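# Architecture at a glance
Residue strings, one per chain:
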Amino acid sequence: MKIALLGYGKMGKVIERIALERGHEIVLRKSSSDSFEGLELADVAIDFSIPNAAVSNISYCIEQGIPVVSGTTGWLENYHTMVQLCHSKKAAFIYGSNFSLGVNLFFELNDYLAKMMSKFNQYNVSMEEIHHTQKLDKPSGTAISLANSIINHTDKNSWSIENPLKDDLFIDVKRVDNVPGTHTIFYTSAVDTIEIKHTAHNRDGFAFGAIIAAEWIVGKTGVFTMKDVLGLK
């Protein structure tokens, strides 16, 4: 399979290494200032760029009929526009706030626990997310996905990273050197605390999941998620 890498920072380099180990070929390594030359050779594109480049990267791939997998966060105000464009062009697109297989299982666990805990109002739910200091968006896309799932099943109305109101889900955001990503959900009452936690040890899990998604989407048409890729729907 021929892959175009849109974004060639730390994640792009990890994706490249694992893709080559799996026998794939890299036909484009695009940083923000580079052109799309070489994209036409690709079977699929993987976008791990920066928030202000993601929309142009995704839309260009869709316009060219190249399936695109995006793990860039911080641009989701334009997500529905990309979905509409994908449908109109009969193209293929997957966005994931986190492609790690473990995190996607954690998403399912979080959703199940939120449903269970909705019956017990003596527990207050909160979150903590920790990432490396180079991460641009706060909170992380993964934290937002986890929070939205909790909000869907509890009496929380929205999330907040500072000065939370009574009906807000508080996300304690921390930036620490050399932390790939740690997310913890707390349900706290006067007598005890229940918590679930996912800790990434390195970037390999994110990269591997993105490549699995890229392998899966080739030849398909539509807008998908990692639930489709992993058969969790």
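As the structure is a prediction and not an experimental result, all values here were calculated from the model.

### Quick notes on the packing of helix H4 (residues 101-117) against helix H5 (residues 141-153)
To characterise two packed helices, one gives the angle between the axes of the helices and the distance between these axes. Orientation of H4 relative to H5, taken along the N-to-C sense of each, is 25 degrees, at an axis distance of 8 Å. The angle between the axes of H4 and H5 places the two elements in the roughly parallel class. Helix-helix and strand crossings are classified by hand; for H4 and H5 the assignment is right-handed. Judged by residue contacts, Val103, Phe106, Phe107, Asn110, Asp111, Ala114 and Lys115 of H4 engage Thr142, Ser145, Leu146, Ser149, Ile150 and His153 from H5.

### Observations concerning unusual backbone geometry
Cis geometry is adopted by the peptide bond preceding Pro139, which originates at Lys138 and carries an omega value of -10 degrees. Among the structural elements, Pro139 can be located in the loop between strand S6 (124-131) and H5. In this structure, Lys90 is a non-glycine residue whose phi angle is positive, near 55 degrees. Examined against the element boundaries, Lys90 turns out to sit in the loop between helix H3 (79-89) and strand S5 (92-95).

### Structural notes on the sheet that holds strand S8 (residues 168-175)
Spatially, S7-S8-S6-S9-S10 is the arrangement adopted by the five strands of the open sheet, whose pairing is mixed. Each having just a single partner strand, strand S7 (158-160) and strand S10 (193-199) make up the two edges of the open sheet. Going from strand to strand, the sheet's axes swing by 20 degrees on average, the running direction of each strand aside. Here strand S9 (residues 182-188) pairs with S10 via seven bridges, running antiparallel. Residue Thr184 lies in a different strand from S10, and its bridge partner there is Lys197. Sheet strands touched by H4: S9 and S10. Its angle to S10, the strand with the most contacts, is close to 165 degrees.

### Some points on H4
Across its 17 residues, H4 extends 24 Å between first and last C-alpha, which sits within 8% of the 24 Å expected from 1.5 Å per residue. Each element contacted by the buried residues of H4 is listed here: H5, S9, S10 and helix H7 (226-230). Measuring from the backbone nitrogen of Gly102 back to the side-chain oxygen at the start of H4 gives 3.2 Å, which picks out Ser100 as the cap.

### Quick look at the environment of Asp172
Along the chain, Asp172 turns up in strand S8. Along the primary structure Asp172 and Ser160 are separated by 12 residues, whereas in three dimensions their C-alpha atoms are 8.6 Å apart. In contact with Asp172, not counting residues within four places along its chain, are Met127, Glu128 and Glu129.

Criteria and thresholds
Residues numbered from 1 in each chain as written. Predicted model: local features only at pLDDT ≥ 70, side-chain atom pairs only at ≥ 80, totals over all residues. Heavy atoms only, no water. Axes fitted to C-alpha atoms, helices over the stretch in contact; angles between N-to-C directions. Helix = DSSP H or I, 4+ residues; strand = E, 2+ residues; numbered from the N terminus. Parallel < 35°, antiparallel > 145°, perpendicular 65-115°, else oblique. Left-handed = near helix turned anticlockwise from the far one by under 90°. Contact = heavy atoms within 4.5 Å. Pairing = 2+ DSSP bridges. Expected span 1.5 Å × (residues − 1). Polar contact = N/O pair within 3.5 Å; in protein donor to acceptor, adjacent residues only side chain to side chain.

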